[in-house]
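Descriptive analysis of the structure
So the chains spell out like this:
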Protein chains: 2
Amino acid sequence: MLMLEKFFRPKSVAIIGASKHPNKVGHVILWNFIRGFKGKIYPVNPTHDEVLGLKCYKRVTDIPGHVDLAVIAIPARFVPEALKDCGKKGIKHVIIVSGGFSEIGRTDLEDEVKGVAKKYGIRIIGPNCIGVFDAYSQVDTLFMPRYRLERPRKGGISFISQSGAVGSAILDWAAARGFGFSKFVSYGNACDVDEVDLLNYMEKDRSTRVIGMYIEGTRRGRELYNSLRRITRKKPVIVIKGGKTSAGSKAASSHTGALAGSARVWDAMLKQSGAIIADDIRRMFNYSRLLAEQPLPKGKRVGIITNGGGFGVIASDALESHGLILADLKKETISEIKKHVPEYAVVKNPVDLVGDADAHRYEVALDALLKDENVDIILVLILFQTAGVQSEIIDIIASKSDKKEKPIIAFSAGGDFTSVHMRMLEKVGVPVFDSLEEASDAIEKMYLYSVYVGNAE
Amino acid sequence: MLMLEKFFRPKSVAIIGASKHPNKVGHVILWNFIRGFKGKIYPVNPTHDEVLGLKCYKRVTDIPGHVDLAVIAIPARFVPEALKDCGKKGIKHVIIVSGGFSEIGRTDLEDEVKGVAKKYGIRIIGPNCIGVFDAYSQVDTLFMPRYRLERPRKGGISFISQSGAVGSAILDWAAARGFGFSKFVSYGNACDVDEVDLLNYMEKDRSTRVIGMYIEGTRRGRELYNSLRRITRKKPVIVIKGGKTSAGSKAASSHTGALAGSARVWDAMLKQSGAIIADDIRRMFNYSRLLAEQPLPKGKRVGIITNGGGFGVIASDALESHGLILADLKKETISEIKKHVPEYAVVKNPVDLVGDADAHRYEVALDALLKDENVDIILVLILFQTAGVQSEIIDIIASKSDKKEKPIIAFSAGGDFTSVHMRMLEKVGVPVFDSLEEASDAIEKMYLYSVYVGNAE
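Since we're looking at a predicted model, the values are computed, not measured.

Another point: the overall build of chain A. Scanning chain A from N- to C-terminus turns up 16 helices and 20 strands. Expected size for 457 residues packed as a compact globule is a radius of gyration near 23 Å; at 25 Å, chain A falls within 12% of this value. Considered along the principal axes of its C-alpha atoms, chain A spans approximately 80 × 50 × 40 Å. Considering chain A as a whole, with its 457 residues, one finds that 65% of them fall into the buried category. When contacts within chain A are restricted to residue pairs at least 6 apart in sequence, long-range pairs at least 24 apart make up 73% of them. A total accessible area of about 16800 Å² is found for chain A, and carbon and sulfur atoms account for 52% of it. In chain A, 64 side chains carry a positive charge and 54 a negative one; their mean positions are 7 Å apart.

Pasting the structure below:
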C-alpha cells in the first residue's frame, strides 16, 4: 500500500457536514460520492437522521464499520473537535475543505488542527482547499456544482494545484475538451500533506503517466528539487510557477502567503530538475496530453498530412520555428501515396491531399508515413469545412494512433461541426490542437523530453 | 462609390452554374444568396428553367435587368465563354470560384480569362478561390456546407486571405466564438484583384475597423508596403505571413506558387510599415477583437479584478512578461471598493473579490477602476465554477464596456457552462480570453498600436 493511497482509493468514506441543503458544500460532496464512488459512504451530521437516502450518523465515532477517509466540510471552529473524533475512530486520512484558518490569520486554529493530527497520526489534505478528484475511484470532494464544473474522463494526467480556483477551472476546462485525468489534488494551506508528498505519491501511482503542477511557493525547496530530479527520469513533470515576475510575486504573497522566491532561482531549479516549464495553463495541458497519450518520438523529423495547402505552410513555419525538421520523405513513400491520390494532390512534405480529400486518402498517407523511417512524428491537419471529410476519419486516425508506433498529433480549426470531431478524436486518445504554433511547441517539448530520457538524439 | 464596392454591396447578382443538385457548388452559393441577400438574384444555367423557386436563365445575356455582380461556378474550360457573356451584358464585377487554372499549370486558360476581362473592363476576384462573405450585405460565395462552415455575426473585423482553406477554417472558427466580422475575401490566384487592391478597399470601407491578412507572397511588394504604411495610421492591419521559414517557404511555393521571399525582408517590411505581425491565427484574432471592439488605452497600467487568487497571480506574471504594468490603485479606489466587499476580500491590485463573489462586487470594483486615473486598462477574470457568479454579470460588464471609456478585457476558463457565458460576453462586444498569456499579449499589441497612432505614451 502506497503512502497517501487512502486519500485516492479508500474503501469507506465519512462525509462530516453532509447536509440536506443543496447549496451546502457537504451536500454537494455527499452527492458526488453517491453518484460515482463504489465503497461505503457514511454521512455525518448531528442534526440529520438520514441524508440523500443514506443513514446519517451524529459523529464519526457512531459509525459501525471501519472508515478509511473522512472529508470535513463544517465551519472552521468545529473542525478540531471533528478531527479528534476521527482520531478516536482510527481514521488516518482526512481532507479538510473548510476555510477560515491561516489564510485569514487564524494560525491558532490551524495549529490546533496540526496538534490533533499529530496526536492521532492523521494525514491531512487542506484545510482551505477543494481536495481530491480521482477519475478511477470517483473520490470527489470538489464542492462546486457539477453543472458548472465538469469532471474529466479517465486518463493519464494527474494535476497538483496550490490554488483551488486555478485547479477547478482547469479541471472543468480540460473535461469539456475530452482530456483524460487520473488524479487532481488542490492542497490549500498544506498544514500537512504538501506538494512534495503529492509529487512522490504520483511517482508511484500507476495510472499517472504525466504530472502537472501549479505552484506559487514551497517550504521544502531542497526536497522538491530532489523529488523532481528523480521523478522526471521516469515520468514527465510539467510545472507552472505562479509569481515568477515581481508583479506576480507580490500577488502570490497576498494570495497564498507564499514566498514566491526569486524567479531566477526557481527557473534554474526547475530546469536543472528536468521539469518541463509551462508559461500557461493551456500549454501545460498541451504538453501533458502529448506525453500522456502518445509514444515518445525517436527523433525530430515531422511528416505533415493536410487537406488545405495554406495550413501546410503555416505548420511548416511553426515546426521550423520550434527547432523541428520537416522529414525528407523516402521515394517509396511518395510513389506509394501517388498511387492512391489524384494527380492534382501535391505529394511532398507537407503531403497536400487537397480540398476534396476523403478519409481514404488520409489512410493511405498515414500508412505510408508510419512506414517511412525518415519520419519520427506525424502531424495530421484536417479541415472539416469541406464535404469530402466524413466522420469515419476519426476511426482511421484512432486505429493508427492506437498502435503507438509513432506519435500522431492532429490539428483542426473551425466551429461546432469541427469541435464535435475534435472532441471525438481527443476522446480516443489523439491530441488535437486548434493552433499550429501550440502544436509545434508541444511537439518540441515532447521531443526534448524524449532526448532527456535517452529515447531520441 | 468606392472601387470594388459592387463585389460587396451589389444590388443584383447572377449565379452562373446555379444548380438543382445539392452537392454542387453552384447550388450552395445560390442557396446562400437566397437565404440572406436582399437584392435581385438571377440563377444562370442552360439546363434548368427554374432553381430553388427562382426563374433560371440560359445565359446572363438573357437576364432582363441590370446585373452588378456575377459569380461563376462552372468547370474551368467554360469560364472564358461565360465571362464573355458577362462582358456583353455589361457586368463589371465577377467572382470566379472555379479552380483548374494556373494553380494546376493551365496558365493559358487564366491568360484567356485575363484577356476577356481586359477587353470588357471587368474586375475579377479569383479564379480558384472561395470568394466573398459580407456580414452586412450577405453576399456569400462560400460554397462549403453551412453545417460545416458557420457564418459570423456583424462586426468590425475584415479578413483577406490568400488561402481558401485557411480563410474558411478561420471564418468558421471565429463565427463559433462569436467574433464579429465585416468582410471576408479569399482571392485565390489573383488574376486581377489582389491583396493590395483589397487592402485599399478595406481602408475606405466604413464598417471595417480592423484588417487581418493571411499572405504567402505578393507580386507588388512596393505597393503593398505603401498601402500598409498609409493605412496602419488609420486602422490596425494584422498580418500573418505564411512561408516565413525555409520549410514554410518551400511549402508555400508548392501551394500558391508564391515566391514567399526572404523572411527577414518580409519581417523588416511589415515592421516598418506599421503592421502588427501575428505568429498564429488565434493571435491574429486576439489582436483584432481588442482593436475592433475596445477603445485604445491611454497607457499601459492594468487593473485586475478576479474571484480566484491564483489566476490573479498568473495574470500579474503574464502582464509583466508582456511589458505592461500593474496599476497602482488610488487610495480612494481601495476605500471605495472596501466599503462594498467583505473583509476577507483582498483589495489591492489584483482586486481579489474571492470565491464567493457575486455580480454586485464585480460592479463595484469595475466602477472604481473605471474612475481611477491610475488605471488605463481593465482585465476582469471571472471563474464561473463557483455558485456566486450569476449570469447577470454579463449585463454588468457589457454596460460598462459599452461606454468605451477604457478597454475592458475579460478572462474565463472552464467547460460548457463557462463557454456559454464567454460567448455571451463576446457577442456583446467584450473580448474574452481563456489564456492569460494570450490576453496579455493582445493587450500589449493594443497598447503598442495606441502608442503608434499617438494615443498613448
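Taken together, Trp 31, Ile 34 and Leu 52 of chain A make up a surface patch of nonpolar side chains, about 250 Å² in accessible area. Here Trp 31 of chain A falls in the partly exposed class, since its relative accessible area comes to 38%.

Moving on, we get to the pattern of salt bridges. Scanning the entire structure with this criterion turns up 75 salt bridges over all chains. A salt bridge links Glu 363 of chain A to Lys 400 of chain A; its shortest N-O distance comes to 3.3 Å. Taken as a pair, Glu 363 of chain A in helix H13 (residues 359-371) and Lys 400 of chain A in helix H14 (residues 393-402) lie far apart in primary sequence, 37 residues in all. Judged by its relative accessible area of 27%, Glu 363 of chain A falls in the partly exposed class. What makes Lys 400 of chain A buried here is its relative accessible area of 7%. Put simply, Asp 85 of chain B and Arg 59 of chain B hold a salt bridge, and the shortest N to O gap is 2.8 Å. Of this pair, Asp 85 of chain B sits in helix H3 (residues 79-89) while Arg 59 of chain B is found in the loop between strand S4 (54-55) and strand S5 (69-72), placing the two residues 26 residues apart along the sequence. Using a relative accessible area of 7% as the deciding quantity, one classes Asp 85 of chain B as buried. A residue is classified by how much of its surface remains accessible, and Arg 59 of chain B, at 36% relative accessible area, is partly exposed. Beyond isolated ion pairs, a larger network of salt bridges with shared partners links Arg 177, Arg 282, Asp 434 and Glu 438 of chain A together with Arg 282, Asp 434 and Glu 438 of chain B.

Once turned by 180 degrees and shifted 0.0 Å along the axis, chain B lies on chain A with an RMSD of 0.0 Å. Between the two chains, the operation in question is that of a two-fold axis. Relative to the rotation axis, the C-alpha of Glu 438 of chain B is the closest in chain B, positioned 5.9 Å from it.

Right, let's talk about H14 of chain A for a bit. All names here are of chain A. Within H14, seven of the 10 residues are buried, leaving the element largely enclosed by the surrounding structure. Of the positions making up H14, those classed as buried are Ile 393, Ile 394, Ile 396, Ile 397, Ala 398, Lys 400 and Ser 401. The secondary structure elements touched by the buried residues of H14 are H13, strand S18 (377-381), strand S19 (408-411) and helix H15 (416-427). Note on H14: the residue one or two positions beyond its end, Lys 404, has a positive phi of about 55 degrees.

What follows deals with the packing of aromatic side chains. Scanning the model with the defined rule gives 26 aromatic pairs over all chains in all. With centroids separated by 5.7 Å and ring planes inclined at 55 degrees, the aromatic side chains of Trp 173 of chain B and Phe 285 of chain B adopt a geometry described as tilted. One end of the pair, Trp 173 of chain B, is in helix H5 (residues 164-176); the other, Phe 285 of chain B, is in helix H10 (residues 281-293), and 112 residues separate them in sequence. Residue Trp 173 of chain B shares its accessibility class with Phe 285 of chain B, and that shared class is buried. Members of the aromatic cluster, joined through ring pairs, are Phe 159, Trp 173, Phe 179, Phe 181, Phe 184 and Phe 285 of chain A. When the ring centre of Tyr 452 of chain A is taken as reference, the NZ or CZ atom of Arg 233 of chain A above it lies at 4.3 Å.

Residue and element names in this part refer to chain B. With five of its five residues buried, strand S12 (residues 237-241) lies for the most part within the structure. Neither face of S12 is exposed, since Val 237, Val 239 and Lys 241 on one face and Ile 238 and Ile 240 on the opposite face are all buried. With five bridges joining them, strand S11 (residues 210-215) and S12 adopt parallel strand pairing. Bridge pairing in S12 links Tyr 214 to Ile 240. At this point the chain moves from S11, through helix H7 (residues 221-231), to the parallel S12, and the crossover so formed is right-handed. Of the pairings in the sheet, the one linking S12 to strand S13 (residues 276-277) comprises two bridges and is parallel in character. Bridge assignment links Ile 238 to a residue of S13, and that residue is Ile 276.

All names here are of chain B. In spatial order, the strands read S8-S10-S9-S11-S12-S13; together these six strands make up an open sheet with mixed pairing. The open sheet is flanked by strand S8 (131-134) and S13, the only strands paired with a single partner. Running at roughly 165 degrees to strand S10 (residues 180-186), H5 makes contact with S8, strand S9 (153-161), S10 and S11 of the sheet.

In this model, chain A carries an average pLDDT of 94, and 98% of its residues clear a pLDDT of 70 or more. Predicted as a complex, the structure gets a pTM of 0.92 and an ipTM equal to 0.89.

Another point: the sheet that holds strand S6 (residues 93-96) of chain B. All names here are of chain B. The strand order across the open sheet built from five strands is S2-S1-S5-S6-S7, with neighbouring strands paired in parallel fashion. Looking at strand neighbours, the two that pair on one side only are strand S2 (40-44) and strand S7 (123-125), the edges of this open sheet. Taking the axes of each pair of neighbouring strands and ignoring which way they run, one obtains an average angle of 20 degrees across the sheet. Pairing of strand S1 (residues 12-16) with S2, which is carried by five bridges, proceeds in the parallel orientation. Note that in S2 the partner of Ile 16 across the bridge is Val 44. With respect to the sheet, helix H2 (residues 25-36) is in contact with S1, S2 and S5, its orientation differing from that of S1 by roughly 160 degrees.

The subject of this paragraph is the interface of chain B and chain A. Residue-level contacts link 71 residues of chain B with 71 residues of chain A. Summed over both partners, the interface of chain B with chain A comes to about 5000 Å²; 56% of that surface belongs to carbon and sulfur atoms. It is Arg 148, Asp 317 and Gln 385 of chain B in chain B that bury the most area against chain A; as a group they hold 14% of the surface buried on that side. Taken together, the connections running from chain B to chain A amount to seven salt bridges. Among the ionic pairs, Asp 434 of chain B bridges to Arg 177 of chain A, the shortest N-O distance being 4.0 Å. Joining chain B to chain A, the criterion identifies 36 residue pairs in polar contact (both at pLDDT 80 or more).

Side chains on a regular strand alternate between the two faces of the sheet. Residue and element names in this part refer to chain B. Where burial is concerned, the two faces of S5 agree: the one with Leu 69 and Val 71 and the one with Ala 70 and Ile 72 are both buried. Here S1 pairs with S5 via four bridges, running parallel. Across the sheet, residue Val 13 finds its bridge partner in S5, namely Leu 69.

As a further point, take empty space enclosed by the protein. Scanning the entire structure with this criterion turns up two cavities of 30 Å³ or more. Partitioning the lining of the largest cavity into residue classes produces seven nonpolar, one polar and two charged. Taken as a whole, the second largest cavity holds about 50 Å³ of empty space. The wall of the second largest cavity is formed by Ile 314, Phe 411, Asp 434, Ser 435 and Leu 436 of chain A together with Asp 280, Ile 281 and Arg 282 of chain B. Each residue belonging to the lining of the second largest cavity can be placed in one class, and the counts come to four nonpolar, one polar and three charged.

Another aspect to go through is the environment of Ser 253 of chain A. Residues and elements named next belong to chain A. Among the secondary structure elements, Ser 253 is positioned in helix H8 (residues 246-255). Residue class for Ser 253 comes out partly exposed when judged on its relative accessible area of 41%. Sequence separation between Ser 253 and Gly 243 is 10 residues, and the spatial gap between their C-alpha atoms is 8.5 Å.

About the thresholds
- Residues numbered from 1 in each chain as written.
- Chains lettered and ligands numbered in written order.
- Predicted model: local features only at pLDDT ≥ 70, side-chain atom pairs only at ≥ 80, totals over all residues.
- Heavy atoms only, no water.
- Helix = DSSP H or I, 4+ residues; strand = E, 2+ residues; numbered from the N terminus.
- Rg over C-alpha atoms; globule rule 2.2 N^0.38 Å.
- Buried < 20%, exposed > 50% of the residue type's maximum accessible area, 1.4 Å probe, protein only.
- Contact = heavy atoms within 4.5 Å.
- Areas by Shrake-Rupley, 256 points an atom, 1.4 Å probe, with all protein chains shown as cover.
- Lys, Arg positive; Asp, Glu negative; His and termini not counted.
- Charge placed at Lys NZ, Arg CZ, Asp CG, Glu CD.
- Patch = residues over 30% accessible without salt bridge, like charges linked within 9 Å, V, L, I, M, F, W, Y side chains within 5 Å.
- Salt bridge = Lys/Arg side-chain N within 4 Å of Asp/Glu carboxyl O.
- Least-squares fit on C-alpha atoms with pLDDT ≥ 70 in both.
- Phe/Tyr/Trp six-rings, centres within 6.5 Å; stacked < 30°, edge-to-face > 60°.
- Lys NZ or Arg CZ within 6 Å of the ring centre and 35° of its normal.
- Pairing = 2+ DSSP bridges.
- Right-handed = clockwise from strand over helix to strand, strands pointing away.
- Axes fitted to C-alpha atoms, helices over the stretch in contact; angles between N-to-C directions.
- pLDDT = per-residue confidence, 0-100.
- Buried area = accessible area lost by both parts, 1.4 Å probe.
- Polar contact = N/O pair within 3.5 Å; in protein donor to acceptor, adjacent residues only side chain to side chain.
- 1 Å grid on protein atoms, 1.4 Å probe; cavity = no way out; pocket = protein on both sides within 12 Å on 5 of 7 lines; lining within 4 Å.
- Points joined across faces, edges and corners; volume = space filled by probe spheres on them.
- Nonpolar A, V, L, I, M, F, W, Y, C, P; charged D, E, K, R; others polar.

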